[in-house]
Amino acid sequence: PIGRLVTVSTPHAGIGACPEGAFWALLCLVFKLDPYGSPTVFSDYWKDVSGGREAYLSRSRWLADANNERDSGASTSAAMARRRAAMQRLEAYVLVHALNDTRVVPRESSTHAFWAWGGKGGPVVPMRQSAEYRNDSLGLRSLDEAGRLHTLPFLGDHLDFEPAFWRERVLSWL
């Protein structure tokens, strides 16, 4: 069993747009041909809020299951209960996130926050205001209320944190 789960700049709530930059622009040309089915990691995390929740739930190849958003196919009620129970057993769930992340879009996804359905590019719905948090489908609200959900922001882009931040804020959680 896992006692503590520490994630660093992980797009927990998904990726809703390609990152900026020449490399990403080229990669995204291939990706955009079939966002939910391309052979890139983006497809595992893709969440197109402008395409609607039902399209996301039916086409997501991993994220909808990982976040307990889909109760069909590979995500049976029993599988969802196992994932939620595993989260509940954590003594700490630590979300390390970059305040200026340009790779995870929207960057708040690293804290289980995302755009509202139908609102791509608009305001981000914070984790504590999301339906998934309120419904406690993955166990985030339970962890939070028990004081076991922690966010550690750092000033920087994606994985560009200072060694002192890692030593002083993150290592103690490992």
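## Focus: the overall build of the protein chain
Part 1 of the reasoning: When its secondary structure is counted, the protein chain shows 8 helices and 5 strands.
Part 2 of the reasoning: Listing each helix as α and each strand as β along the protein chain from the N terminus yields β-α-α-α-α-α-β-β-β-α-α-β-α.
Part 3 of the reasoning: A compact globule built from 174 residues would reach a C-alpha radius of gyration of about 16 Å, and the protein chain, at 16 Å, matches this within 12%.
Part 4 of the reasoning: By its C-alpha atoms, the protein chain is 40 × 40 × 30 Å across when sized along the principal axes.
Part 5 of the reasoning: Summarising the internal contacts of the protein chain: among those between residues at least 6 apart in sequence, 59% fall at separations of at least 24.
Part 6 of the reasoning: Carbon and sulfur atoms make up 57% of the accessible area of the protein chain, which totals about 9,000 Å².
Part 7 of the reasoning: Across the protein chain, the mean location of the 20 positive side-chain charges is 4 Å away from that of the 19 negative side-chain charges.

## Section: the packing of aromatic side chains
Part 1 of the reasoning: Under the counting rule described, the total for this entry stands at 11 aromatic pairs.
Part 2 of the reasoning: Ring centres 5.5 Å apart and planes at 85 degrees place the aromatic pair F154 and F161 in the edge-to-face group.
Part 3 of the reasoning: For F161, a relative accessible area of 24% gives the class partly exposed.
Part 4 of the reasoning: F154 gets classed as buried once you look at its relative accessible area, which sits at 3%.
Part 5 of the reasoning: Put simply, the rings of F23, W24, F31, F42 and W46 pair up and form one aromatic cluster.
Part 6 of the reasoning: Here the basic side chain of K47 rests over the ring of F114, its NZ or CZ set 5.1 Å away from the ring centre.

## Some details on the nonpolar core
Part 1 of the reasoning: Among the nonpolar cores identified, the biggest contains 12 residues, and these are I15, C18, C28, F31, Y36, F42, Y45, W46, Y56, L57, L63 and A64.
Part 2 of the reasoning: Mapped by element, the contributors of at least two residues to this core are α1 (22–31), α2 (41–45), α3 (53–59) and α4 (63–66).
Part 3 of the reasoning: Residues M87, L90, L140 and L143 belong to the second largest nonpolar core, which totals 10 residues.

## Concerning the pattern of salt bridges
Part 1 of the reasoning: All chains considered together, the criterion is met by 9 salt bridges.
Part 2 of the reasoning: Note that R84 is salt-bridged to D136, the shortest N-O span being 2.6 Å. Of this pair, R84 sits in helix α5 (residues 77–88) while D136 sits in the loop between α6 (131–135) and α7 (140–145); the two residues are 52 residues apart in sequence, bridging distant segments of the chain.
Part 3 of the reasoning: On the basis of relative accessible area, R84 is assigned to the partly exposed category, the value being 28%.

## Observations regarding the environment of V96
Part 1 of the reasoning: Within the fold, V96 resides in strand β2 (residues 92–98).
Part 2 of the reasoning: Considering only alpha carbons, one finds V96 and S9, 87 residues apart in sequence, at a separation of 6.0 Å.

## Brief notes about the side chain of S109
Part 1 of the reasoning: Mapping S109 onto the fold places it in the loop between β2 and β3 (114–115).
Part 2 of the reasoning: Within polar-contact distance, the side chain of S109 engages the backbone oxygen of G14 at 2.7 Å.
Part 3 of the reasoning: Those residues in contact with S109 that sit more than four places away from it in its chain are T10, P11, H12, A13, G14, V104 and F114.

Here is what the cut-offs are and how they apply
- Residues numbered from 1 in each chain as written.
- Predicted model: local features only at pLDDT ≥ 70, side-chain atom pairs only at ≥ 80, totals over all residues.
- Heavy atoms only, no water.
- Helix = DSSP H or I, 4+ residues; strand = E, 2+ residues; numbered from the N terminus.
- Rg over C-alpha atoms; globule rule 2.2 N^0.38 Å.
- Contact = heavy atoms within 4.5 Å.
- Areas by Shrake-Rupley, 256 points an atom, 1.4 Å probe, with all protein chains shown as cover.
- Lys, Arg positive; Asp, Glu negative; His and termini not counted.
- Charge placed at Lys NZ, Arg CZ, Asp CG, Glu CD.
- Phe/Tyr/Trp six-rings, centres within 6.5 Å; stacked < 30°, edge-to-face > 60°.
- Buried < 20%, exposed > 50% of the residue type's maximum accessible area, 1.4 Å probe, protein only.
- Lys NZ or Arg CZ within 6 Å of the ring centre and 35° of its normal.
- Core = buried A, V, L, I, M, F, W, Y, C linked by side-chain atoms within 4.5 Å.
- Salt bridge = Lys/Arg side-chain N within 4 Å of Asp/Glu carboxyl O.
- Polar contact = N/O pair within 3.5 Å; in protein donor to acceptor, adjacent residues only side chain to side chain.

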